Amino acid sequence: MGLSEDPELQPLLFGLFLCMYLVTVLGNLLIILTVNSDSHLHTPMYFFLSNLSLSDICSISTTVPKMLMNIQTHSSIISYVSCLTQMSLFTIFGCMDYMILTAMTYDRCPSNTEAQNPTSISQFYLMGLSEDPELQPLLFGLFLCMYLVTVLGNLLIILTVNSDSHLHTPMYFFLSNLSLSDICSISTTVPKMLTNIQTHSSIISYVSCLTQMSLFTIFGCMDYMILTAMAYDRYVAICHPLHYLVIMNPRLCGFLILVSFLFSLLESQLHILMILQITNFKDVEISSFFCDPSQLLNLSCTDILSNNIVQYVLGAFYGFFPFSGILFSYYKIVSSILRIPSSGGKYKAFSTCGSHLAVVCLFLGTGCGVYLGSTMSHSPRKGPVASVMYTVVTPMLNPFVYSLRNRDIKGALRRLHSRNA
């Protein structure tokens, strides 16, 4: 229903809430960047404050953009799946606000005023992509443009899917969640790198490093899990078209996203536990522009055989099983397509999963290339450059792959443009 149905108040409400949203996002982003860039603020209190700001950004982003879109399009419709997604995200970040405020209260307790350093060091140095001063402005401009293109492109996908009723299907529900995960994933690494370039500093505190690693692991794993769910969706659509709407019902779609998030959260916490077991580091320089879990484990002075075993088990579980699911889905899809007699029917069937297959190849290809290259090459500079492919380039290209290769998305974008023209 919104706040008012009076047509004369709609422009006023749109401008008011747009300004409030921008002030909220920019203000909280300023707090996050300030805390991360100033070593004097690398304390538990400001660590909690920066996480509270991040949670506030995510919380307001689950409600206000949809309201602004409804005002702009003169529509108050929200699909069942979108409503469940919005409710779930708002509950998660609203609860996080409450929990972080509780942790901040405990931090302010007088009996805990003495800082307890959990490790022998308090900060790391991110090596970045280059130490050449002449290249820093070029790198700053390049990655700022890539970051803005990624965020705006994925936001456009989300708004297009939510505003067009023709796209309220399981496939585009997963796509909008993949775009949201890409935005969060790139936002955990690139802003810190841009801050380091701008401030001519490569320092990241121990707590900030663990936070960045945890968030990157969550959203990176979610990308992989959502791509697996999308492969299953395409399998059902092509191999069981008559039962598609019954099998891929809103409840199952929401359940798959929830399971993806919970599994990603579990992997993140296991990585955190492995890092917390390390009490001494042989070096403070991380050969990357962000806190990569594998890089941190390699800095341990002590025997990390148990950590390596856990890491291999996690890699096998989170890598092998989703990849096997994707392979099995496409094996069944190709088998079904080959049984179609007409070439036009084969092309139409395969075109429905062409964009997803391209994104899967891009995501897995860059990720495998980076880790295989890191094992074969010992150059400290090749690792960060290769990491750019799957941390920055892949999220940036996803919207282009889906918008250029997908007729439904292109049609929805044209309708959205004509509606706002």
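Residues numbered from 1 in each chain as written. Predicted model: local features only at pLDDT ≥ 70, side-chain atom pairs only at ≥ 80, totals over all residues. Heavy atoms only, no water.

As recorded in an unreviewed UniProt entry, the protein goes by the name Olfactory receptor 7E24, listed as coming from Sciurus carolinensis. Recorded under Sequence similarities (unreviewed entry), the UniProt text for the protein is reproduced unchanged: "Belongs to the G-protein coupled receptor 1 family." If you open the UniProt record of the protein and go to Subcellular location (unreviewed entry), you find "Cell membrane". (UniProt positions renumbered as here; feature names shortened; annotations may be inferred.)

This brings us to the overall build of the protein. Check the secondary structure of the protein and you find 15 helices and 3 strands. By the burial criterion, 44% of the 421 residues in the protein qualify as buried. Residue pairs in contact within the protein that sit at least 24 positions apart in sequence constitute 78% of those at least 6 positions apart. Entry remark: accessible area of the protein is about 22100 Å², with carbon and sulfur atoms responsible for 70%. (Helix = DSSP H or I, 4+ residues; strand = E, 2+ residues; numbered from the N terminus. Buried < 20%, exposed > 50% of the residue type's maximum accessible area, 1.4 Å probe, protein only. Contact = heavy atoms within 4.5 Å. Areas by Shrake-Rupley, 256 points an atom, 1.4 Å probe, with all protein chains shown as cover.)

Among the nonpolar cores identified, the biggest contains 38 residues, and F174 and M230 are the most heavily contacted of them. With 10 residues, helix 8 (residues 206-239) is the single largest residue contributor to this core. Contact partners of M230, with chain neighbours within four places excluded, come to M171, F174, L175, L178, H356 and Y402. (Core = buried A, V, L, I, M, F, W, Y, C linked by side-chain atoms within 4.5 Å.)

It is worth spelling out the side chain of S329 at this point. Along the chain, the position of S329 falls in helix 12 (residues 305-338). Classification of S329 as buried rests on a relative accessible area of 6%. Setting aside residues up to four positions removed in sequence, S329 forms contacts with A231, Y232 and Y235.

With that out of the way, let us pick up the state of the cysteines. Under the definition given, this model contains 1 disulfide. Disulfide pairing is shown between C209 and C291; the S-S distance is 2.0 Å. Because the torsion about its S-S bond is -125 degrees, the bridge between C209 and C291 counts as left-handed. With C209 in helix 8 and C291 in the loop between strand 3 (285-286) and helix 11 (293-298), this residue pair connects regions lying 82 residues apart in the sequence. Here C209 and C291 have matching classes, each one buried. (Disulfide = S-S within 2.5 Å.)

Moving on: the sheet that holds strand 3. Within the open sheet, the 3 strands sit side by side as 2-1-3. Their pairing is mixed. Strands at the two margins of the open sheet, each flanked by one partner only, are strand 2 (203-205) and strand 3. Examined bridge by bridge, strand 1 (residues 123-126) and strand 3 share 2 bridges and lie parallel to one another. Paired with Y125 across the bridge in strand 3 is E285. In the packing of helix 8 onto the sheet, the strands contacted are strand 1, strand 2 and strand 3, and the crossing angle to strand 2 comes to about 85 degrees. (Pairing = 2+ DSSP bridges. Axes fitted to C-alpha atoms, helices over the stretch in contact; angles between N-to-C directions.)

So, on to the packing of aromatic side chains. Following the criterion strictly, the structure yields 6 aromatic pairs and no others. Summarising the aromatic geometry, the rings of Y232 and Y235 are spaced 6.1 Å apart at their centres and angled 40 degrees between planes, so their arrangement reads as tilted. Of this pair, Y232 and Y235 both sit in helix 8, 3 residues apart, which is roughly one turn of that helix. Given the relative accessible area of 33%, Y232 is considered partly exposed. Here the aromatic residues F216, F289 and F290 are joined through ring pairs into a cluster of three or more. (Phe/Tyr/Trp six-rings, centres within 6.5 Å; stacked < 30°, edge-to-face > 60°.)

Once that is clear, we can look at the pattern of salt bridges. Taken as a whole, this structure holds 1 salt bridge when the rule is applied. Of the charged contacts, one joins R234 and D233 as a salt bridge, the two residues approaching to 2.8 Å between their closest N and O atoms. In this structure R234 comes out as buried when scored by relative accessible area, which is 7%. Looking at D233, the relative accessible area reads 1%, which means it is buried. (Salt bridge = Lys/Arg side-chain N within 4 Å of Asp/Glu carboxyl O.)

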